[in-house]
Amino acid sequence: MIKTLSNNISFLRAMLYISALVILVVGALTYRSVTEVTKSSEMITHTYKVNVELEQILSYLKDAETGQRGYIITNDSVFLEPYLSARNRINNSFAELKVLTKNTPQLKSKLIDVNTLINKRLIAFKTSYRSLPKKDIEDPNFISNFRNGKTLMDSIRDQIKGVIKLQNNLLNKRSDEYRSDLMATPLLLFSLLLCSLILMYLAYNSIYKNIKRLKITNEELEIFKESTNQSEIVSKHGSWTWDQNNDVFTFSDNLYRLLGEQPQSFEPTIQNFMQYVHPEDVEQLSQQVENMKKNVELPYIYYRVVHKNGNIKHLKAYGKSIINDEEETVLLGTTADITDEIISFRALEERNLELERNNQELSSFNYVASHDLQEPLRKIQTFLSRLEDEEAEKLSDRGTRYIDRIQNAATRMRLLIDDLLQFSRSNKADKVFEESNINLLLEAAKQDLAEVISAEDVVITSDAFPSMTVIPFQIQQLFVNLLGNAIKYKSEKRSPVINITHQVIEADNDAQITKPTKPFYHKITFTDNGIGFDNEYADQIFVLFSRLHNKDEYSGTGIGLSICKKIIENHKGHIIAKGKPGIGATFIIYLPID
Amino acid sequence: MTLFFKFDFNAICQTVLEQVLNNNNIKYKNVGFGEIEVLEKITPEKQQDLQNELDTFNIEIVENQKSILVQKIKDTITDMVFNEDTVVNVKSSVYLSEALGHSYGYLSNLFSEVTYTSIENFIIIQKIEYAKQLVIKQDLSLTEIAFKLNYSSVAHLSTQFKNTTGITPTAFQRIIAKRRDLNQQNN
Amino acid sequence: MQEDYINIILADDDEDDRMFFTDAFEDLKMTTKVQTFNDGVYLMDYLNSTEATLPNVLFLDLNMPRKSGLECLQEIKQDPKFKDIAIAIYSTSASEEDIENTFVQGANIYIKKPSSFKKLKKVLSEVVTINWQYHTNNMNKDNFLLRL
C-alpha cells in the first residue's frame, strides 16, 4: 500500500513538473507571439511613417512644382513660397526618414538616391526659375529644363514608388512570415493548454483516488488501533516504540495502565519510566536498556514495577528493531504483565513441593513399614521352626496343628509384606533409565523362576528384543511377575506355554493408545494358556489388593499386577489385559520409543 | 594402569620347590606332579625346617597317601578345566581314571571321603571359576564361554552359574565392572 | 576336613539373631569358633586390636546402630591386613540394587536371613564349606561371590 502510494507521489510529482513545464512553454510561446505581434505592428507603423514621409516629400515637391508653375504663369513670387519652404520641409522629412531608416540599409541607400534626385530637381527648379527673367516660356533651355524637371520628378516619383514598393514587399514578406507563425501559435497554445488540462485532470484523479484509499486505510487503522488498545487491555500488554536516532519514545495507552497510571498521563521517557521500576531491578534494567541500543533484538527481560499505591507487578518485555521508511532504526517493544502467571506459578511450585513431601513421607512410611515388619515376622517363623524341630515329640496333635496354622499365617503375612515392599520399591524417584539388553533381563527373570519353570515343565518362547532405555531392575521384576502369574494360574489340563512377542508399532495405528506421547511404541505381548479370566475384570485386576480368586484356591496378595502397572507407568507406557476363561490370558504392554 | 596375569600354578610351585630345596642343599630329582624324589634321607627336623620354609608359600608336605591322590585328582581336574586349547570331549570320569590309573569309582569315593564333596561338584566349581575368569577377561561372549566350557547352551551355563554362586553371569559381570570403576575412583 | 578351627565372627545388633547364629553353629558338626559383636563399632574395635584373631569368615548385619554393616565393609576392604577375610553380608531383605551394591563394595557373600532354623544351618554350613574350598584350592578370593 505504501509502495503504490509512493509511486503515486512520484507520478504526481511528474505531473507537476510536466504541467509547470507546459506552462513555461506556453508562457514562452505567448511571449514570443506578443513580441512578434508588437514587432509587426511597429513595422507597419514604421512603414507607413516612411511612406507618409515619402508622400510628404512628393507632396512638397508637387507643391514646389505647382508653385513654380504658378510663378511661371503669374510671375508672382507668392507662388515661389512652397518652393522655398519645400527645401526645408524636404530636409526635415529626410531627417525623419534618416531616423526611421537607420536600421534598414537598403532603404537608406535608396533614399540617398532619392535625395540626390530631389537635389537635382531642386537645382532644376532653381535653374528653371533663374532662367525665367527672360520670361520666355518658349525658350528651348527653359523647356528642356522644364522637361528635365519633369523627368526628374518622374524619376523621383518612380524612386519613391520603388521605395514604397520595396517597403511594402518587405512588409508583406514579414507579415507573411508572422502570419504563419501567428496562425500556428494559437493552435499550439491551445493544444498545449488542452494537454495541460488533461494532465491536471489525471493528477486530480490520482490524488482523489489516493485520498480515498488513504481514508479507508485510515479508518481501518483507527479500528485496528482501537482493537489493539482493547487487546492490550485484555491481555495485559503494553507496547512502546523508541526512535533511537531522535531518542523519542511512544508508550501505548495500556503501558501506562500497567504502571498503574492513566493513559498518556506523563511524558514517555526512560527517566519517567524508571521511576516506576522496583529499586532492586533498576540497575539490571538500565544495563539491559543500554544493551538495547546496540543490539538488533532485545531478549526477554524481566523486572518489577511498583505502582503509586504500592502494588508490585512483574513485567516481561521484549523488543525488536525495525527500519522504517526513512532508513531509521526504530525499536518496537511489547511489555506484558505476568504477575498473575508468576503468582500461580509460585503457588503451583509450593503445591508441588507439598505433594512431593507428602509422597516422600508416604514412600518412606511404606518402605519402613514393610521393611521393619519383616524382622519380627521372621523371628516368629524362625522360633516356630525351632519349636517344631526340637519340641515336636512333646507337642500334642492339636499343638502341632496349631503351630502349622501359625506358620501358614506367618507365611501369608510374609508374602504380603514382600509384595508391599516390592510395591514401594517400584517408585520412579531416583531410578536411572539405562539402555538395556531386554533379552538378558528376560533370561534373568526366567532364572529367578527356574525352579518352578522346570517343576511345571513350562515352555517359554520369545521374540528377540531390541535394546531399550528402561529401568533394568524394574523391567526384570515386571517379567518375573507376569511369568509368575502365567505359571501360577496354569490350567490343570496342560503344562504352561507362554509366548512373548515384540513389535514396533505406530501410535496412530493402534486404538489402544489413547494419548500417544511418541510416534512409535514397543508392543510386547505375553500370552499364556492358563485358566484365563473374564474380560469383565480386565481393568480390575490391576487394582491394588484386588483378586479374582480367594487365597485358598490360588496364593497371592493382589499386589503383583499393581506393581506391573506401576512399573509400566514409570516408563510412560500402558498395560492392557485380555482374558478368555479356560483358554488363557494375554497381557499387552506398550512402551514409547524415544 | 592395570596389568592382567595368567598363572600356571604348577610351574610356579615347581620353581618355588626347586628354590627351597636348593637353598636347603637337598639333592633331588624328578620334580613332578606334586612329587619330589629326594636323593637323601631327610631327618624329621630337616623336614620340619623344610616345611617351615614352604609354609611361607602355603605349600604343605603331605603325608597321607590318600591326600596325595586327592590332590592329584584336584590338580588333574583343574588342568582339564582350565585348558586353553582342547575342549575335552572325553567324559571327565574316563579322563580322570586314565590320567590317574585308578577306576573312577575308587577315585570318586576317595575324593568324597577326604573332601566331603563329590568330584562332579568339584568339577562344576572349577568350571564356574574358569567361567568367572573368562567373564572378567571380557574377551569372549557368554555364548563363546558356554561353548568353550562344554555347556549345551548359554542357558545351561547361566543355570549352573546361578546354582553355584547364586547370581547370574551377567550380574557377576556387572558387579566386577562396577568394582573396577570404584577402585579407579578410589585410586 | 582340617584340624584347625575355622574362625567365625558375627556383628548383629539383634539378640535373637545372634542366638540363632551361635545355636546353628553349635548344631553343625564343624570345628568352628564363633564370636559375636553387638554393633559395628565393637566389631571394628576388636578387629583393629592387637590380640585379635582374624576370622576366616565375617558375617555382617547391614542395619546396625552407630556403624552400619556397609561402613564396616568399606573400612575392612580398605585395610590390607584384612584382605584374607571372607565377608558375608547377613541381612533381612534388601532390594536387588542394594544387594548388588554390597558385592560391588567388596562383599563376598550375601545371605538373606532365613526364616527357618533348618534353612539357617544349611546356609551357614554351605558358606563355611565353600569358603574352605576356596582356601584349600587356592582359588581367587576376589572372584568369590556367593548369594544365598
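Since we're looking at a predicted model, the values are computed, not measured.

S.K.: What is the right way to look at the sheet that holds strand β4 (residues 86-91) of chain C in this model?
M.R.: The pairing of strands in a sheet happens through backbone hydrogen bonds and is either parallel or antiparallel. All names here are of chain C. As summarised here, the arrangement of the six strands in space is β2-β1-β3-β4-β5-β6, forming an open sheet in which the pairing is parallel. A single partner strand is all that each edge strand has here, and the edge strands are β2 (32-37) and β6 (146-147). Pairing geometry for strand β1 (residues 6-11) and strand β3 (residues 57-60), over four bridges, is parallel. Bridging across to β3, I8 finds its partner in V57.

S.K.: Just checking my understanding: could you explain the sheet that holds strand β12 (residues 584-592) of chain A for this structure?
M.R.: Residue and element names in this part refer to chain A. Strand order in the open sheet made by the five strands is β7-β9-β10-β12-β11, with mixed pairing throughout. Here the strands that pair on one side only, and so sit at the sheet edges, are β7 (459-462) and β11 (574-580). Each strand axis lies, on average, 15 degrees off the axis of its neighbour in the sheet, ignoring direction. With four bridges joining them, β7 and strand β9 (residues 497-506) adopt parallel strand pairing. Bridge pairing links V459 to V497 in β9. This element, helix α12 (residues 472-488), spans β9, β10 (520-528) and β12 of the sheet and lies at about 25 degrees to β10.

S.K.: Just checking my understanding: could you explain the confidence of the model for chain C for this structure?
M.R.: Interpretation of the predicted coordinates at a detailed level should be avoided for regions scoring low in pLDDT. Looking at chain C, pLDDT values average 88 and 97% of them are 70 or higher. For this predicted complex, the interface confidence reaches an ipTM of 0.85, while the overall pTM sits at 0.57.

S.K.: Just to check I follow, could you spell out the UniProt feature "modified residue: 4-aspartylphosphate" (unreviewed entry) in chain C for this structure?
M.R.: All names here are of chain C. Mapped onto this numbering, the UniProt entry annotates "modified residue: 4-aspartylphosphate" (unreviewed entry) at D61. Note that D61 resides in the loop between β3 and α3 (69-78). In this structure D61 comes out as buried when scored by C-beta crowding, with 25 C-beta atoms within 10 Å. Contact partners of D61, with chain neighbours within four places excluded, come to A11, D12, D13, G69, Y90 and S91.

S.K.: Could you clarify how one ought to interpret the packing of helix α8 (residues 339-391) of chain A against helix α9 (residues 397-425) of chain A in this entry?
M.R.: For any two helices packed against each other, the geometry is given by the interaxial angle and the distance between the axes. All names here are of chain A. At a closest axis distance of 9 Å, the pairing of α8 and α9 adopts a crossing angle of 155 degrees. One way to sum up the angle between α8 and α9 is to call them roughly antiparallel. Between α8 and α9 lies a crossing whose hand is left-handed. Residue classes in the contact of α8 with α9 are distributed as 13 nonpolar, eight polar and two charged.

What counts as what
- Residues numbered from 1 in each chain as written.
- Chains lettered and ligands numbered in written order.
- Predicted model: local features only at pLDDT ≥ 70, side-chain atom pairs only at ≥ 80, totals over all residues.
- Pairing = 2+ DSSP bridges.
- Helix = DSSP H or I, 4+ residues; strand = E, 2+ residues; numbered from the N terminus.
- Axes fitted to C-alpha atoms, helices over the stretch in contact; angles between N-to-C directions.
- Contact = placed C-beta atoms within 7 Å.
- pLDDT = per-residue confidence, 0-100.
- UniProt positions renumbered as here; feature names shortened; annotations may be inferred.
- Buried ≥ 20, exposed ≤ 12 C-beta atoms within 10 Å, placed from the backbone.
- Parallel < 35°, antiparallel > 145°, perpendicular 65-115°, else oblique.
- Left-handed = near helix turned anticlockwise from the far one by under 90°.
- Nonpolar A, V, L, I, M, F, W, Y, C, P; charged D, E, K, R; others polar.

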